[in-house]
Amino acid sequence: MSERQEFLLDGEEVPFIPGQTVLQAALSAGRYIPHLCYHPEFKPHGSCKVCTVKSGGRTHASCTLPARAGLEVDSATEEMNQLRRTLVQMLFAEGNHFCPSCEKSGNCALQALGYDLGLTHAGFRHFFPDRPVDASHPSLLLDFNRCILCELCVRASAEVDGKNIFSLSGRGIGKHLIVNAASGRLADTGIAATDKSVAVCPVGVILKKRVGFAVPIGKRRYDERPISAQALEDAPRPPAATAIQETQ
Amino acid sequence: MVELSWKLLLNTLVQRHGRNPVRLLQMLREVQESKGWIAPEMIADLADWLGLPGSQVRGVADFYSFLHTGGPCRYRVLFSDNITDRMQGSEALLDYLCGRLLLEKGRVSEEGLVSVDTTSCTGLCDQGPGLLVNGWAIPGVTRERLDQIAELILGRRPVEQWPSDFFVIQDHIRRAGILLGSGLKPGEALRVASQRDPVSLLEQVKASGLRGRGGAGFATGLKWEACRNAPGDQRYVVCNADEGEPGTFKDRVLLSRYADLVFEGMTLCAYAIGAAEGFLYLRGEYRYLLEPLREVLNRRRAEGLLGRNILGRQGFDFDIEIHLGAGAYVCGEESALIESLEGKRGIPRNRPPYPVTQGYLQRPTTVNNVETFCAAALITHKGGDWYRSIGTPKSAGTKLLSISGDCAKPGIYEYPFGTSIRQILADCGAEDAQAVQVSGPSGRCIDATEFGRRIAFEDLPTAGSFMIFGQERDMFEVARNFVEFFAHESCGFCTPCRVGTSMLKGAMEKIAAGHGTACDLGEIEALDRVLNQAAHCGLGSAACNSTLDTLKKFRPTYERRLKSLEFEPAFDLDGALARARRMTGRDDAGAHLETEA
């Protein structure tokens, strides 16, 4: 047995297994740090930056920050939460998010995070990008308007489904999700409604057809309890101590 | 017939690159160069050959500015859009060429003949405005030159047949020091090193106090040592010649005039760390240097300075290959550069692990700037203590500066560290400077009160860009140019940089259009904070430097553009009708909304 090691999160001790990152260790110890592109079943990615924490006077994405004994990490501070609110506002402004008409409302991690962080207004001018939907597939709909570029579907399709259905293309603000078909249409890929890449989408991009609104709004996942409570239940315990390696 | 020629090209291309997916970017670049674009079927064929998903190949192609998947175009003209190009009249020249060719900026002409657009700094600031035609650099553009270019394009004359004097690029070495004036002959430093063991070479570099010349200033000796000691049986040397920081062009000159010194430094590094393979990652804008550099490599192989048993020393094997970039500033960040070398999208990696332990193909890799390798060669020849005696205690040696902007003698200047800005301004003939941007848009903007400051890691660190702005220049426009640059070059990986740089650009546009308010200045400051705190790499955290500095030092240039209102919406009602006006061909009073005067 390796010696028990700990770091400090907001002044309280959090145990970790060498190889874990700060976010992984915190979640498996029942401590919540807001996050969006991190998913317990995948290698930390570090792109959304919502899980940013402060340590040693500098900011780091906690999902990729290796846990070290004696590290002092500040997360639940007004400064960090304000940063997180701004980042979530940025994601709302970047895409076209109309929660009242979205099938994912109540099951959406972005929306839930917005509520949990106490987001009260848009904050920024919206970009209103032109992103056509892809309804070609008989049982799935792709609504790119809601994509937050977390790459979970890319990772799930490559690592779990073994299909490489999704990729990222473009650069900067023009970065966007594409599917692996010469036609560019989802119908011409080998995706199935049961694929991990479909289930893993945290927002309303990859939707199953003909099951919309089966659960009424008000009775959905994050209507019951906030995302901060549910994220802890999802965290694997005991944690899978997967060392972070380069993630792209 | 197009079909047949494509299959033929594809076949030779794929074979030459050993069907290796790591070579994807090089293959795409070559397809672009010979076909003028990368068509969907070419992507599909390449993906098949390499066993990659087509979407991944497309994702790589669409990441790089010089790879085009949108449609064929025989002549792609790209005007360098650095602030120094603009100061030399590039915007009016671009409009002029568009007029001559009856084109709209950024759109390919109907018959697929020509397009005219802008690109980030091409490194010709001392002889601008610069442009690229199908990737080939042309300096000192004038209206007369554009008339000639327009004739050649309309006459469909291949670029290879254009007059060669269009493409002559000057070195403009104005002040040579220990490096530019060393007169070191090919192999001279290597001979010194190969008589000793690698560790003593490492000790020399450590003793010299040499720090990386790419801007970050990490101790070169420590980097080499960490790489040498990292576990693994294959190591790599990578020379970062992706000189993308606007206003920098010293690596262009080093690679044109001192290529042997660069390769010598890389070979020395290989000797010190125990590497057998090296790469020079050359920015796409310097495409014209590819063949001359390959000739230098061939000569060095023939002279026994590269290849097997270098200088007769058993087991000292090392060779260098040149990889070309394709228009992505972010690839100057070392881990993004490695991703790009591996044929991927140039996204900076999460660190740790660092390249010295897990770099190219996850193996120990030393990445250094062009100038760093040159300095290492010099140190090997003359000794670490000698080098350390030059400069300041914390910044040993000399620094090359690329000087451009409002001065009489733009060009390359070599100074010992510790030289004051005032001295530099006097030497290059900048009599009436209002401000200097030190180390490019990601560096700092300093005003006249700070001209006593010095070029040094402990005062004003610099990667070499030195842009001078005279009294009549509008510093708001300077900052706006830089903000546009970052928005264009953001890789898009992390939220703060991808969205934040575009928001910053939007806020600057709003102020430039005369719709800004105090509220917008507040938004800029908030965005600066987020970029600083949360960006994934140096590009994002530096993206706010120019607005931060100019807001602090030249605030009146922002304020005089503001409306006195507390808030004004960015949405322009009348502007929203512009498309409808274009479609109906109307522009009369009735087609405009009344605006309150």
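Residues numbered from 1 in each chain as written. Chains lettered and ligands numbered in written order. Predicted model: local features only at pLDDT ≥ 70, side-chain atom pairs only at ≥ 80, totals over all residues. Heavy atoms only, no water.

Of the regular secondary structure elements, chain B holds 24 helices and 14 strands. What you see for chain B is a C-alpha radius of gyration of 25 Å, in line with the 25 Å of a compact globule of 597 residues. Each principal axis of the C-alpha distribution contributes one length, and for chain B these read about 85 × 65 × 45 Å. Sequence-distant contacts, at least 24 apart, represent 72% of the contacts inside chain B between residues at least 6 apart. Accessible surface, chain B: about 22,800 Å² in total, of which carbon and sulfur atoms supply 50%. Across chain B, the mean location of the 69 positive side-chain charges is 5 Å away from that of the 76 negative side-chain charges. (Helix = DSSP H or I, 4+ residues; strand = E, 2+ residues; numbered from the N terminus. Rg over C-alpha atoms; globule rule 2.2 N^0.38 Å. Contact = heavy atoms within 4.5 Å. Areas by Shrake-Rupley, 256 points an atom, 1.4 Å probe, with all protein chains shown as cover. Lys, Arg positive; Asp, Glu negative; His and termini not counted. Charge placed at Lys NZ, Arg CZ, Asp CG, Glu CD.)

Another aspect to go through is the overall build of chain A. Broken down by element type, chain A carries seven helices and nine strands. Here chain A has a C-alpha radius of gyration of 18 Å; the compact-globule value for 248 residues is 18 Å, and the two agree. Seen along its three principal axes, the alpha-carbon backbone of chain A occupies a region of about 55 × 40 × 35 Å. The buried share of chain A, taken over its 248 residues, is 52%. (Buried < 20%, exposed > 50% of the residue type's maximum accessible area, 1.4 Å probe, protein only.)

With that settled, consider the packing of aromatic side chains. Residue and element names in this part refer to chain B. Within this structure, the stated rule accounts for 16 aromatic pairs over all chains. Each ring, one from F63 and one from Y64, has its centre 5.1 Å from the other, and the planes form 75°; the classification is edge-to-face. For the residue pair F63 and Y64, the accessibility class agrees, reading buried in each case. Here the aromatic rings of Y75 and W162 are separated by 6.0 Å at their centres, their planes lie at 20°, and the arrangement is stacked. With Y75 in strand β1 (residues 75–80) and W162 in the loop between α7 (143–154) and β5 (173–175), this pair connects stretches of sequence that are 87 residues apart. Residue classification places Y75 among the buried residues on the basis of a relative accessible area of 1%. Pairwise contacts between aromatic rings join Y75, W162, F166 and F167 into one cluster. The ring of Y286 has R283 lying over it, and the distance from NZ or CZ to the ring centre is 5.3 Å. (Phe/Tyr/Trp six-rings, centres within 6.5 Å; stacked < 30°, edge-to-face > 60°. Lys NZ or Arg CZ within 6 Å of the ring centre and 35° of its normal.)

Further remarks concern the pairing of strand β4 (residues 58–61) of chain A. All names here are of chain A. Examined bridge by bridge, strand β3 (residues 52–55) and β4 share four bridges and lie antiparallel to one another. Of the residues in β4, the one forming a bridge with K54 is T59. Between β3 and β4, which pair antiparallel one after the other, the connecting turn spans two residues, and G56 there sits at a positive phi close to 60°. (Pairing = 2+ DSSP bridges.)

Turning our eyes to something else, we now look at the domain arrangement of chain B. A common measure of how large an interface is: the accessible area buried when the components associate. Residue and element names in this part refer to chain B. Split into domains, chain B comes out as domain 1 (2–63), domain 2 (75–170), domain 3 (174–389) and domain 4 (395–473). Taking only C-alpha atoms, the centre of domain 3 and the centre of domain 4 are 26 Å apart. With 28 residues of domain 3 in contact, the opposing surface of domain 4 contributes 29 residues. A buried area of about 2,200 Å², summed over both sides, lies between domain 3 and domain 4, and 58% of it is on carbon and sulfur atoms. Interface area lost by domain 3 to domain 4 is led by R174, R175 and R213, which between them contribute 30%. At the boundary of domain 3 with domain 4, the tally comes to one salt bridge. Residue K399 pairs with E371 through a salt bridge whose shortest N-O separation is 2.6 Å. Here domain 3 is connected to domain 4 by 17 residue pairs in polar contact (both at pLDDT 80 or more). Elements supplying a minimum of two residues to the side of domain 3 that touches domain 4: β5, α11 (250–257) and α16 (384–388). Residue contributions to the side of domain 3 that touches domain 4 peak at three residues, all from α11. Its residues placed into classes, the side of domain 3 that touches domain 4 shows ten nonpolar, ten polar and eight charged. (Domains from an automatic or database assignment. Buried area = accessible area lost by both parts, 1.4 Å probe. Salt bridge = Lys/Arg side-chain N within 4 Å of Asp/Glu carboxyl O. Polar contact = N/O pair within 3.5 Å; in protein donor to acceptor, adjacent residues only side chain to side chain. Nonpolar A, V, L, I, M, F, W, Y, C, P; charged D, E, K, R; others polar.)

Before going further, it helps to spend a moment on the interface of chain A and chain B. Listed by partner, the interface residues are 41 residues for chain A and 45 residues for chain B. Summed over both sides, the interface of chain A with chain B buries roughly 3,400 Å², with 56% coming from carbon and sulfur. There are two salt bridges connecting chain A and chain B. Close ionic contact of R171 of chain A with E489 of chain B constitutes a salt bridge, the shortest N to O distance being 3.2 Å. Taken together, the links from chain A to chain B amount to 21 residue pairs in polar contact (both at pLDDT 80 or more). Among the secondary structure elements, those contributing two or more residues to the side of chain A that touches chain B are α2 (78–94), β7 (166–169) and β8 (176–179) of chain A. Residue contributions to the side of chain A that touches chain B peak at nine residues, all from α2 of chain A. Class assignment of the residues belonging to the side of chain A that touches chain B gives a composition of 18 nonpolar, 15 polar and eight charged.

All names here are of chain A. Domain annotation of chain A identifies domain 1 (5–76) and domain 2 (97–224). Summarising the inter-unit geometry, the C-alpha centres of domain 1 and domain 2 are found 26 Å apart. Taken together, the 13 residues of domain 1 in the interface contact 16 residues of domain 2. Sorting the residues of domain 1 by area buried against domain 2 places L36, F42 and H45 first, and these three jointly supply 56% of that buried surface. Counting the contacts that link domain 1 with domain 2 gives one salt bridge. Across the pair K196 and E41 runs a salt bridge whose closest N-O atoms are separated by 2.8 Å. Looking at side-chain class alone, the side of domain 1 that touches domain 2 contains seven nonpolar, four polar and two charged residues.

Let's shift gears to the sheet that holds strand β4 (residues 136–138) of chain B. All names here are of chain B. Across the sheet, four strands lie side by side as β2-β1-β3-β4; this open sheet has mixed pairing. Every other strand in the sheet has two partners, leaving β2 (114–119) and β4 as the edge strands with one partner each. Across this sheet, the average inter-strand angle for adjacent strands is 25°, counted without regard to direction. Two elements, β1 and β2, share six bridges in a ladder whose sense is parallel. (Axes fitted to C-alpha atoms, helices over the stretch in contact; angles between N-to-C directions.)

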